Protein chains: 2
Amino acid sequence: MKIKNYYKNLPHKTIERLSQYRRALMICLDNGKTHIFSHEIANIQHITSVQVRRDLMLIGYSGTLRKGYNIQDLIEVISHIIDDEEGIKVAVVGMGNLGRALMKYVRGKRHKLEVVAGFDTNEEKIGKEYKGVTCYSIDDLEKVIDELNIKLAILTVPAKYSTETAEKLVDAGIKGILNYTPKPIRVPEDVYLEEYDMITTLEKVAFYIKMHQEKEGE
Amino acid sequence: MKIKNYYKNLPHKTIERLSQYRRALMICLDNGKTHIFSHEIANIQHITSVQVRRDLMLIGYSGTLRKGYNIQDLIEVISHIIDDEEGIKVAVVGMGNLGRALMKYVRGKRHKLEVVAGFDTNEEKIGKEYKGVTCYSIDDLEKVIDELNIKLAILTVPAKYSTETAEKLVDAGIKGILNYTPKPIRVPEDVYLEEYDMITTLEKVAFYIKMHQEKEGE
DNA sequence: TTTTGCCTGTTATTTGCTTAACAATGTGCT
DNA sequence: AGCACATTGTTAAGCAAATAACAGGCAAAA
Ligand SMILES: NC(=O)c1ccc[n+]([C@@H]2O[C@H](COP(=O)([O-])OP(=O)(O)OC[C@H]3O[C@@H](n4cnc5c(N)ncnc54)[C@H](O)[C@@H]3O)[C@@H](O)[C@H]2O)c1
Ligand SMILES: NC(=O)c1ccc[n+]([C@@H]2O[C@H](COP(=O)([O-])OP(=O)(O)OC[C@H]3O[C@@H](n4cnc5c(N)ncnc54)[C@H](O)[C@@H]3O)[C@@H](O)[C@H]2O)c1
């Protein structure tokens, strides 16, 4: 399993960029391009060509000298690395403003990532469909997750329910959680967790605006 | 201006954590706590106490031995660092599903960060209020940004308009952009840019789920 | 009063990632 | 053919951040 093993050593940041390269490449392909240079990819993503080449080196993909990389090929290689063959089923947990926006947004974006269920506690939402996806009761979490083979959950419940909902998700056998709640959650080692807090990011931007202002005023 | 200067050297990650510490501390304060240990903060945030102490060292705040940190004090010190005294005015550019969710979410969360305007191209949205905030035409961008003294923009327009809208924002004098569009944008050096791509994050979680599955199957 | 233990604050080490440097190579031009 | 050069692929250096290691000190227990 040599091939599989070196995936493990890919830097997290490289994984992120591969996802981005692929989307950029698909657009290029649609535009009729067949080959692309590292500096072109770099330009689209606003990074350096060195970084692109380094990432591609890490996944063992080689381009042709003076012709660049074959777009079609490269898309396939990246897909083979980051996509699961069977596809990964996704649930949105908490069908509020953000949950619904995400549901609509993600649906149909990547065919290996299918949103197949929503969950909520609100009686009015339970049983309804949103963009063709059923909203289930949180009480049926375990059953539905098992039946629909859901592996990934996007957590968008109110912050005060983050912890308990995360626990339910883990107990139900979820393998990865994307937490958009401002409250950090804890998961066992075999569950992959990614957290993103918008208020933090907003405050960070505000801080650097403030700092820049002060620097100018000196 | 010694004080101001060392803010410049604070690691980006420390800034992010300060924002999070503060929110956690405010909750503790509400609960009647007056002092807190580094390991308690660490527990809430699911990080190590060393990291907490190191961050606090960097901002030059000292606790009391065996009593920990004075919560009220610490909140003030952090606020003094990351908050702008005048407050920073924010605009949401692109009042779609995500834009509206964010508008509602951010409003009133932090009183030094006020969302004061929305912008859109859709005639039906222009002139309407959402959560008490007016949605202006993108054609009035420069005027409104100037009049309301808006410094920070959250970009939530469709990806194909990211680039042109970013340019408009920069021209209008915006000092910081938070780009939630999947298309990377480019800004001059004096504009602070933060980008976040949800699909990338989702694919990353999916990748690690897949990898973990394969490791098990060996 | 001494000792133990708990907590802070600081310095040193390690890790992960980015950037720089450069060797290798085939293409087109002269 | 031979030279100039754009472009790839790899190794080395540099940076930022996290973690580890540890010194210092006070409070309570013995
Ligand atoms: N709206 C945003 O733009 C935004 C941005 C960043 C983060 N967030 C975070 O996302 C979360 C949701 O935000 P929102 O604006 O969509 O809030 P919301 O109130 O619109 O939605 C919350 C939804 O979760 C449901 N819910 C409540 N308790 C539940 C439980 N125990 N299990 C399952 N579902 C439950 C509610 O019925 C509701 O439908 C919050 O934690 C918020 O901090 C929101
Ligand atoms: N919805 C989500 O959950 C989500 C998540 C991540 C990223 N995004 C990104 O955020 C952006 C918006 O997503 P959405 O789901 O809200 O889409 P949407 O179509 O609901 O909203 C887009 C809004 O922008 C307005 N608009 C169009 N052109 C404009 C212009 N030139 N200037 C100003 N406004 C303009 C439209 O009238 C509409 O109101 C997209 O780039 C999307 O990729 C959305």
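This report concerns the structure included in the present document. All figures in this text were calculated on a predicted structure; none of them were measured in a lab.

## A closer look at the sheet that holds strand β3 (residues 88-93) of chain A
Strand-to-strand pairing in sheets goes through backbone hydrogen bonds, with the strands running parallel or antiparallel. Residues and elements named next belong to chain A. Spatially, β5-β6-β4-β3-β7-β8-β9 is the arrangement adopted by the seven strands of the open sheet, whose pairing is mixed. The open sheet is flanked by β5 (129-130) and β9 (192-195), the only strands paired with a single partner. Pairing geometry for strand β8 (residues 176-179) and β9, over four bridges, is parallel. Bridge assignment links Ile-177 to a residue of β9, and that residue is Leu-193. The strands touched by helix α6 (residues 97-106) within the sheet are β3, β4 (113-120), β5, β6 (133-137) and β7 (150-155), with β4 carrying the most contacts at an inclination of about 160°.

## Examining the protein's contact with DNA strand D
Ser-38, Arg-53, Gly-63 and Leu-65 of chain A together with Arg-17 of chain B are the nearest of the 21 residues found near DNA strand D. Near the protein, within 4 Å, the atoms of DNA strand D are sugar or phosphate in 59% of cases. Arg-66 of chain A is positioned with one of its side-chain polar atoms (N or O) 3.2 Å from a sugar or linking oxygen of DNA strand D. Within the side chain of Arg-54 of chain B, an N or O atom sits 3.0 Å from a base oxygen of DNA strand D. Secondary structure elements with two or more residues in the surface near DNA strand D: α3 (38-45) and α4 (49-58) of chain A together with α2 (12-30) and α4 (49-58) of chain B.

## Observations concerning the interface of chain B and chain A
Contacts between the two partners involve 69 residues from chain B and, on the opposite side, 69 residues from chain A. For the pairing of chain B and chain A, the buried interface totals around 6,700 Å² over both sides, and the portion due to carbon and sulfur atoms is 64%. Contact with chain A buries surface across chain B, with Leu-202, Glu-203 and Lys-204 of chain B losing the most and accounting together for 10% of the total. Across the salt bridge formed by Glu-203 of chain B and Arg-110 of chain A, the nearest N and O atoms sit 2.4 Å from each other. Considering each element in turn, the side of chain B that touches chain A owes the most residues, 18 residues, to helix α9 (residues 198-217) of chain B. Residue composition of the side of chain B that touches chain A, grouped by class: 33 nonpolar, 14 polar and 22 charged.

Analysis parameters
- Residues numbered from 1 in each chain as written.
- Chains lettered and ligands numbered in written order.
- Predicted model: local features only at pLDDT ≥ 70, side-chain atom pairs only at ≥ 80, totals over all residues.
- Heavy atoms only, no water.
- Pairing = 2+ DSSP bridges.
- Helix = DSSP H or I, 4+ residues; strand = E, 2+ residues; numbered from the N terminus.
- Contact = heavy atoms within 4.5 Å.
- Axes fitted to C-alpha atoms, helices over the stretch in contact; angles between N-to-C directions.
- Near = heavy atom within 4 Å.
- Polar contact = N/O pair within 3.5 Å; in protein donor to acceptor, adjacent residues only side chain to side chain.
- Buried area = accessible area lost by both parts, 1.4 Å probe.
- Salt bridge = Lys/Arg side-chain N within 4 Å of Asp/Glu carboxyl O.
- Nonpolar A, V, L, I, M, F, W, Y, C, P; charged D, E, K, R; others polar.

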